[in-house]
Amino acid sequence: MSSRPGPTAGKPPRTSTTTRSGPDNGTGSTATASTAAARVGALARSALLRWLVLALAVGVWELATRAHGSVYFPPPGRIAHHAYDLWFSGPVRHLFLTDAAVDNILPSLARMAAGFALAAVTGVALGLAVGRSRPAYALCNPVLQFARAVPPPALVPVFVVVLDFGTQMQVASIAFSAVWPVLINTAEGARNLDPLRLEVAAVLRLTARERLWLLLLPSALPRIFAGLRLSLSLSLILMVFSELLPGTANGIGFTLTDAQSRSDLLTVWAALVLLGALGYLLNTALLAVEKRLIGSGRPG
(Lines give C-alpha, C1' and ligand atoms only; values in the text may rest on other atoms or scores of the structure.)
Protein backbone atom coordinates (compact mmCIF):
# COMPACT_ATOMS: atom_id res chain seq x y z
CA MET A 1 0.00 0.00 0.00
CA SER A 2 2.81 2.35 0.70
CA SER A 3 4.26 1.64 -2.79
CA ARG A 4 1.29 3.17 -4.65
CA PRO A 5 2.17 6.53 -6.07
CA GLY A 6 0.21 9.51 -4.90
CA PRO A 7 -1.97 11.56 -7.21
CA THR A 8 0.79 14.12 -7.77
CA ALA A 9 3.83 11.89 -7.76
CA GLY A 10 4.13 11.64 -11.55
CA LYS A 11 3.30 15.30 -12.37
CA PRO A 12 6.07 17.82 -12.97
CA PRO A 13 6.25 20.64 -10.47
CA ARG A 14 4.65 23.90 -11.59
CA THR A 15 6.26 26.17 -9.09
CA SER A 16 9.54 26.45 -11.02
CA THR A 17 8.00 28.24 -14.04
CA THR A 18 5.78 30.53 -12.03
CA THR A 19 8.49 31.48 -9.60
CA ARG A 20 10.89 32.16 -12.49
CA SER A 21 8.62 34.54 -14.42
CA GLY A 22 7.69 36.63 -11.42
CA PRO A 23 11.20 37.78 -10.44
CA ASP A 24 12.10 38.38 -14.13
CA ASN A 25 9.16 40.72 -14.67
CA GLY A 26 9.84 42.57 -11.46
CA THR A 27 13.53 42.91 -12.27
CA GLY A 28 12.78 44.24 -15.77
CA SER A 29 10.32 46.85 -14.57
CA THR A 30 12.66 47.87 -11.76
CA ALA A 31 15.56 48.25 -14.20
CA THR A 32 13.44 50.32 -16.56
CA ALA A 33 12.28 52.57 -13.74
CA SER A 34 15.86 52.94 -12.50
CA THR A 35 17.10 53.85 -15.97
CA ALA A 36 14.34 56.44 -16.43
CA ALA A 37 15.02 57.91 -12.99
CA ALA A 38 18.75 58.09 -13.71
CA ARG A 39 18.10 59.80 -17.04
CA VAL A 40 15.78 62.37 -15.47
CA GLY A 41 18.29 62.99 -12.71
CA ALA A 42 21.12 63.50 -15.19
CA LEU A 43 19.03 65.97 -17.21
CA ALA A 44 18.07 67.85 -14.04
CA ARG A 45 21.68 68.07 -12.90
CA SER A 46 22.80 69.26 -16.33
CA ALA A 47 20.10 71.96 -16.45
CA LEU A 48 20.88 73.04 -12.89
CA LEU A 49 24.58 73.28 -13.69
CA ARG A 50 23.91 75.44 -16.78
CA TRP A 51 21.68 77.81 -14.81
CA LEU A 52 24.23 77.99 -11.99
CA VAL A 53 26.96 78.95 -14.44
CA LEU A 54 24.69 81.62 -15.94
CA ALA A 55 23.77 82.96 -12.51
CA LEU A 56 27.45 83.05 -11.52
CA ALA A 57 28.38 84.95 -14.70
CA VAL A 58 25.58 87.48 -14.15
CA GLY A 59 26.59 87.88 -10.51
CA VAL A 60 30.21 88.55 -11.42
CA TRP A 61 29.05 91.03 -14.06
CA GLU A 62 26.83 92.79 -11.51
CA LEU A 63 29.58 93.06 -8.89
CA ALA A 64 32.23 94.17 -11.38
CA THR A 65 30.10 96.92 -12.94
CA ARG A 66 28.90 98.25 -9.60
CA ALA A 67 32.45 98.28 -8.25
CA HIS A 68 33.77 100.08 -11.35
CA GLY A 69 30.89 102.54 -11.54
CA SER A 70 31.34 103.31 -15.24
CA VAL A 71 28.48 104.96 -17.08
CA TYR A 72 29.38 102.95 -20.21
CA PHE A 73 28.91 99.57 -18.48
CA PRO A 74 25.67 99.57 -16.46
CA PRO A 75 24.89 96.65 -14.12
CA PRO A 76 22.73 93.84 -15.54
CA GLY A 77 20.07 94.60 -12.94
CA ARG A 78 19.55 98.08 -14.35
CA ILE A 79 19.62 96.72 -17.90
CA ALA A 80 16.95 94.12 -17.11
CA HIS A 81 14.76 96.69 -15.36
CA HIS A 82 15.09 99.10 -18.29
CA ALA A 83 14.27 96.35 -20.80
CA TYR A 84 11.17 95.42 -18.78
CA ASP A 85 9.96 99.03 -18.66
CA LEU A 86 10.71 99.56 -22.34
CA TRP A 87 9.28 96.37 -23.89
CA PHE A 88 7.52 94.03 -21.43
CA SER A 89 5.43 96.20 -19.12
CA GLY A 90 2.40 96.43 -21.37
CA PRO A 91 -1.20 95.36 -20.66
CA VAL A 92 -2.25 91.74 -20.39
CA ARG A 93 -4.39 91.92 -23.52
CA HIS A 94 -1.21 92.69 -25.49
CA LEU A 95 0.71 89.81 -23.83
CA PHE A 96 2.58 92.36 -21.67
CA LEU A 97 4.16 93.92 -24.78
CA THR A 98 4.46 97.68 -24.85
CA ASP A 99 3.98 99.86 -27.92
CA ALA A 100 7.77 99.97 -28.36
CA ALA A 101 7.90 96.17 -28.47
CA VAL A 102 5.07 95.96 -30.99
CA ASP A 103 6.65 98.64 -33.16
CA ASN A 104 10.21 97.27 -33.09
CA ILE A 105 10.55 93.68 -31.88
CA LEU A 106 7.66 92.16 -33.83
CA PRO A 107 8.65 93.67 -37.22
CA SER A 108 12.21 92.38 -36.74
CA LEU A 109 10.99 88.89 -35.93
CA ALA A 110 8.65 88.97 -38.92
CA ARG A 111 11.48 89.91 -41.29
CA MET A 112 13.73 87.26 -39.82
CA ALA A 113 11.03 84.59 -39.98
CA ALA A 114 10.23 85.40 -43.63
CA GLY A 115 13.88 85.34 -44.69
CA PHE A 116 14.64 82.18 -42.73
CA ALA A 117 11.57 80.38 -44.09
CA LEU A 118 12.50 81.25 -47.68
CA ALA A 119 16.07 80.11 -47.10
CA ALA A 120 14.96 76.85 -45.46
CA VAL A 121 12.44 75.86 -48.14
CA THR A 122 14.69 76.84 -51.04
CA GLY A 123 17.80 75.30 -49.50
CA VAL A 124 16.16 71.96 -48.73
CA ALA A 125 14.50 71.69 -52.17
CA LEU A 126 17.63 72.60 -54.16
CA GLY A 127 19.88 70.59 -51.86
CA LEU A 128 17.87 67.42 -52.37
CA ALA A 129 17.79 68.01 -56.13
CA VAL A 130 21.55 68.58 -56.33
CA GLY A 131 22.47 65.84 -53.88
CA ARG A 132 20.51 63.15 -55.70
CA SER A 133 22.66 63.52 -58.82
CA ARG A 134 26.43 63.11 -58.57
CA PRO A 135 27.10 64.91 -61.89
CA ALA A 136 24.90 67.83 -60.82
CA TYR A 137 26.68 68.02 -57.47
CA ALA A 138 30.10 67.95 -59.14
CA LEU A 139 29.07 70.80 -61.45
CA CYS A 140 27.38 72.96 -58.81
CA ASN A 141 29.76 72.41 -55.90
CA PRO A 142 32.32 75.10 -56.91
CA VAL A 143 29.56 77.68 -57.29
CA LEU A 144 28.04 76.71 -53.94
CA GLN A 145 31.37 76.93 -52.14
CA PHE A 146 32.09 80.33 -53.73
CA ALA A 147 28.69 81.69 -52.72
CA ARG A 148 29.11 80.38 -49.18
CA ALA A 149 32.51 82.08 -48.84
CA VAL A 150 31.15 85.56 -49.63
CA PRO A 151 30.58 87.50 -46.36
CA PRO A 152 26.80 88.05 -46.00
CA PRO A 153 27.04 91.76 -45.04
CA ALA A 154 28.98 92.40 -48.25
CA LEU A 155 25.88 91.50 -50.27
CA VAL A 156 23.62 94.06 -48.61
CA PRO A 157 24.73 96.98 -50.86
CA VAL A 158 23.89 94.84 -53.91
CA PHE A 159 20.35 94.32 -52.66
CA VAL A 160 20.07 98.02 -51.84
CA VAL A 161 20.86 98.84 -55.47
CA VAL A 162 18.51 96.19 -56.86
CA LEU A 163 15.56 96.52 -54.46
CA ASP A 164 16.15 99.88 -52.75
CA PHE A 165 15.69 100.34 -49.01
CA GLY A 166 12.77 98.67 -47.31
CA THR A 167 11.37 95.37 -46.14
CA GLN A 168 11.84 93.62 -49.48
CA MET A 169 15.57 94.35 -49.44
CA GLN A 170 15.88 93.19 -45.84
CA VAL A 171 14.02 89.91 -46.38
CA ALA A 172 15.89 89.22 -49.63
CA SER A 173 19.29 89.82 -48.03
CA ILE A 174 18.42 87.51 -45.12
CA ALA A 175 17.11 84.75 -47.39
CA PHE A 176 19.97 84.92 -49.91
CA SER A 177 22.66 84.83 -47.24
CA ALA A 178 21.02 82.13 -45.11
CA VAL A 179 20.19 79.72 -47.93
CA TRP A 180 23.72 78.41 -48.53
CA PRO A 181 24.29 76.50 -45.27
CA VAL A 182 20.95 74.72 -45.70
CA LEU A 183 21.55 73.96 -49.38
CA ILE A 184 25.07 72.61 -48.95
CA ASN A 185 24.31 70.53 -45.87
CA THR A 186 21.16 69.10 -47.46
CA ALA A 187 23.10 68.12 -50.59
CA GLU A 188 25.77 66.43 -48.47
CA GLY A 189 23.13 64.55 -46.52
CA ALA A 190 21.41 63.37 -49.70
CA ARG A 191 24.75 62.19 -51.13
CA ASN A 192 25.43 60.08 -48.03
CA LEU A 193 22.41 57.86 -48.65
CA ASP A 194 23.35 54.18 -48.35
CA PRO A 195 23.41 52.60 -51.86
CA LEU A 196 21.95 49.43 -50.39
CA ARG A 197 18.80 51.35 -49.50
CA LEU A 198 18.50 52.51 -53.09
CA GLU A 199 18.80 48.93 -54.29
CA VAL A 200 16.09 47.83 -51.87
CA ALA A 201 13.90 50.71 -53.08
CA ALA A 202 14.41 49.57 -56.67
CA VAL A 203 13.45 46.02 -55.74
CA LEU A 204 10.34 47.27 -53.93
CA ARG A 205 9.54 49.52 -56.91
CA LEU A 206 9.11 52.63 -54.79
CA THR A 207 7.97 55.73 -56.62
CA ALA A 208 10.01 58.92 -56.68
CA ARG A 209 7.80 60.49 -54.02
CA GLU A 210 8.14 57.43 -51.79
CA ARG A 211 11.91 57.48 -52.16
CA LEU A 212 11.93 61.15 -51.23
CA TRP A 213 9.86 60.74 -48.07
CA LEU A 214 11.12 57.31 -46.96
CA LEU A 215 14.79 57.45 -47.96
CA LEU A 216 16.20 60.85 -48.88
CA LEU A 217 14.62 63.04 -46.20
CA PRO A 218 15.29 60.69 -43.24
CA SER A 219 18.88 60.23 -44.40
CA ALA A 220 19.54 63.94 -44.90
CA LEU A 221 17.61 65.15 -41.84
CA PRO A 222 20.60 65.46 -39.45
CA ARG A 223 22.56 67.49 -42.01
CA ILE A 224 19.49 69.57 -42.82
CA PHE A 225 19.15 70.63 -39.20
CA ALA A 226 22.86 71.37 -38.99
CA GLY A 227 22.39 73.79 -41.89
CA LEU A 228 19.23 75.23 -40.35
CA ARG A 229 21.05 76.10 -37.13
CA LEU A 230 23.75 77.94 -39.07
CA SER A 231 21.12 79.72 -41.15
CA LEU A 232 19.21 80.74 -38.05
CA SER A 233 22.28 82.50 -36.65
CA LEU A 234 22.93 84.17 -40.00
CA SER A 235 19.31 85.29 -40.22
CA LEU A 236 19.54 86.99 -36.83
CA ILE A 237 22.80 88.72 -37.79
CA LEU A 238 21.50 89.87 -41.17
CA MET A 239 18.24 91.05 -39.62
CA VAL A 240 20.11 93.42 -37.33
CA PHE A 241 22.57 94.52 -40.01
CA SER A 242 19.87 95.31 -42.55
CA GLU A 243 18.04 97.41 -39.96
CA LEU A 244 21.15 99.46 -39.26
CA LEU A 245 21.04 100.92 -42.78
CA PRO A 246 19.45 104.27 -43.62
CA GLY A 247 15.79 104.20 -44.54
CA THR A 248 14.77 101.84 -41.75
CA ALA A 249 12.00 103.17 -39.51
CA ASN A 250 11.61 100.31 -37.00
CA GLY A 251 13.20 97.13 -35.73
CA ILE A 252 15.78 96.13 -33.13
CA GLY A 253 18.63 97.35 -35.31
CA PHE A 254 16.89 100.71 -35.70
CA THR A 255 16.50 100.83 -31.91
CA LEU A 256 20.26 100.33 -31.56
CA THR A 257 21.18 103.14 -33.94
CA ASP A 258 18.55 105.47 -32.53
CA ALA A 259 19.72 104.85 -28.95
CA GLN A 260 23.34 105.33 -29.99
CA SER A 261 22.52 108.68 -31.60
CA ARG A 262 20.83 109.78 -28.36
CA SER A 263 23.65 108.35 -26.16
CA ASP A 264 21.06 106.13 -24.47
CA LEU A 265 23.46 103.41 -23.34
CA LEU A 266 20.88 101.56 -21.26
CA THR A 267 18.75 100.99 -24.36
CA VAL A 268 21.82 99.90 -26.34
CA TRP A 269 22.69 97.31 -23.71
CA ALA A 270 19.05 96.23 -23.41
CA ALA A 271 18.87 95.65 -27.17
CA LEU A 272 22.08 93.60 -27.08
CA VAL A 273 20.79 91.45 -24.24
CA LEU A 274 17.48 91.05 -26.08
CA LEU A 275 19.28 89.83 -29.20
CA GLY A 276 21.25 87.31 -27.17
CA ALA A 277 18.09 86.04 -25.48
CA LEU A 278 16.26 85.76 -28.82
CA GLY A 279 19.14 83.83 -30.34
CA TYR A 280 19.23 81.42 -27.41
CA LEU A 281 15.47 80.86 -27.39
CA LEU A 282 15.24 80.33 -31.14
CA ASN A 283 18.17 77.91 -31.16
CA THR A 284 16.68 75.99 -28.23
CA ALA A 285 13.35 75.71 -30.04
CA LEU A 286 15.07 74.46 -33.20
CA LEU A 287 17.05 71.89 -31.19
CA ALA A 288 13.82 70.65 -29.62
CA VAL A 289 12.25 70.18 -33.06
CA GLU A 290 15.40 68.42 -34.25
CA LYS A 291 15.39 65.97 -31.34
CA ARG A 292 11.71 65.30 -31.88
CA LEU A 293 12.03 64.56 -35.60
CA ILE A 294 15.38 62.80 -35.68
CA GLY A 295 14.61 60.79 -32.56
CA SER A 296 11.56 59.29 -34.29
CA GLY A 297 12.71 59.42 -37.89
CA ARG A 298 16.44 58.69 -37.89
CA PRO A 299 17.13 55.94 -40.38
CA GLY A 300 18.29 52.72 -38.84
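Here's a quick rundown of the structure.

Reading the values: the criteria
Every residue gets a number counted from 1 within its own chain, in the order that chain's sequence is written. Only residues with pLDDT of at least 70 get local features here, since the model is predicted, and only at 80 or more are side-chain atom pairs given and counted; chain-wide, interface and lining totals rely on the full set of residues. Each side-chain value is derived from all of the structure's non-hydrogen atoms; neither hydrogens nor water enter the calculation. Secondary structure is summarised from DSSP: a helix means a run of H or I of at least four residues, a strand means a run of E of at least two, and numbering begins at the N terminus for each. Each residue is placed in one exposure class: buried if its accessible area under a 1.4 Å probe, protein chains only, is under 20% of its type's maximum, exposed if it is over 50%, and partly exposed if it falls in between. Throughout, a contact is declared for two residues whenever any of their heavy atoms are within 4.5 Å. In these tables, accessible area is a Shrake-Rupley quantity obtained with a 1.4 Å probe, and a residue counts as shielded only by the protein chains included in the view. All axes are obtained by fitting lines to C-alpha atoms, using only the stretch in contact for helices, and the reported angles, taken between N-to-C directions, cover 0 to 180 degrees. For classification, angles of less than 35 degrees are called roughly parallel, those exceeding 145 degrees roughly antiparallel, those between 65 and 115 degrees roughly perpendicular, and all remaining angles oblique. The crossing is said to be left-handed when, going from far helix to near helix, the turn is anticlockwise and less than a right angle, and right-handed when the turn is clockwise. Throughout this entry, Asp, Glu, Lys and Arg are counted as charged residues, while Ala, Val, Leu, Ile, Met, Phe, Trp, Tyr, Cys and Pro are counted as nonpolar. The remaining residues, Gly among them, count as polar. To form a nonpolar core, buried Ala, Val, Leu, Ile, Met, Phe, Trp, Tyr and Cys residues must be joined to one another through side-chain atoms within 4.5 Å. Cavities and pockets are defined on a 1 Å grid built over the protein atoms alone: a cavity is a set of grid points where a 1.4 Å probe fits but cannot escape, while a pocket is an open set with protein on both sides within 12 Å along at least five of seven lines, and lining residues are those with an atom within 4 Å of any such point. Grid points are joined across faces, edges and corners, and a volume is the space filled by probe spheres set on the points. Note on ring pairs: Phe, Tyr and Trp rings are taken, using the six-membered ring of Trp, and paired if centres are within 6.5 Å. Classes follow the plane angle, with under 30 degrees stacked, over 60 edge-to-face and the rest tilted.

This part is about the overall build of the protein. Summing up its helical and strand segments, the protein has ten helices and zero strands in all. Walking the protein from its N terminus toward its C terminus, one meets helices and strands in the order α-α-α-α-α-α-α-α-α-α. In the protein, buried positions account for 33% of the 300 residues. Partitioning the intrachain contacts of the protein with sequence separation of at least 6 by distance along the chain shows that 69% fall at a separation of at least 24. For the protein, the accessible surface area stands at approximately 18,700 Å², while carbon and sulfur atoms represent 68% of it.

This next bit is on the packing of helix α8 (residues 208-243) against helix α9 (residues 252-261). For any two helices packed against each other, one specifies the inter-axial angle together with the distance between the axes. Two elements in contact, α8 and α9, have axes separated by 7 Å at closest approach and are oriented at 50°. Overall, the two elements α8 and α9 adopt an arrangement that is oblique. When the axes of α8 and α9 are compared, the crossing they make is right-handed. In this structure, α8 uses M239, V240 and E243 to contact α9, whose residues at the interface are I252, G253, F254 and L256. Taken together, the residues of the contact of α8 with α9 break down into five nonpolar, one polar and one charged.

Non-glycine residue L95 carries a positive phi angle of around 60°. Among the secondary structure elements, L95 is positioned in the loop between α2 (76-87) and α3 (99-132). One non-glycine residue, F96, adopts positive backbone phi at about 65°. Relative to the helices and strands, F96 resides in the loop between α2 and α3. A relative accessible area of 48% places F96 in the partly exposed class.

The subject of this paragraph is the nonpolar core. Among the nonpolar cores identified, the biggest contains 46 residues, and W87, L128, I224, L228, M239, I252 and L275 are the most heavily contacted of them. Elements supplying a minimum of two residues to this core: α2, α3, α5 (156-163), α6 (167-191), α8, α9 and α10 (265-297). When residues in this core are grouped by element, the largest group, 13 residues, is from α8. Dropping the residues within four chain positions of it, M239 is found in contact with S108, L109, M112, I174, I252 and L275. With eight residues, the next largest nonpolar core counts L144, A178, V179 and I184 among its residues.

The next thing to look at is the packing of α5 against α6. One way to put it is that α5 packs onto α6 with a least axis distance of 9 Å and a crossing angle of 140°. As the angle between them shows, α5 and α6 are arranged oblique. Our pair here, α5 against α6, has a crossing hand that is right-handed. The residues of α6 that touch α5, namely those facing V156, F159, V160 and L163, are Q168, M169, A172, S173 and F176. Looking at the contact of α5 with α6, its residues break down into seven nonpolar, two polar and no charged.

Taken as a whole, the largest pocket holds about 390 Å³ of empty space. What lines the largest pocket is a set of 17 residues, and nearest its centre among them are A83, A270, V273, L274 and A277. For the lining of the largest pocket, the secondary-structure elements that each account for two or more residues are α1 (15-68), α2, α3 and α10. Here the element with the most residues in the lining of the largest pocket is α10; it accounts for six residues. Among the residues forming the lining of the largest pocket, the class breakdown is 17 nonpolar, no polar and no charged.

Time to look at the packing of aromatic side chains. According to the stated counting rule, one finds five aromatic pairs in the structure shown. Here W61 and W269 contribute two aromatic rings whose centre-to-centre distance is 6.0 Å and whose plane-to-plane angle is 50°, an arrangement assigned as tilted. Placement of the pair is W61 in helix α1 and W269 in helix α10, with a sequence separation of 208 residues. The class of W269 is partly exposed, set by a relative accessible area of 21%. Both rings, one in F176 and one in W180, keep their centres 5.5 Å apart while their planes meet at 90°; by these two values the pair is edge-to-face. Here F176 and its partner W180 are both found in helix α6, four residues apart, which amounts to about one turn of the helix.

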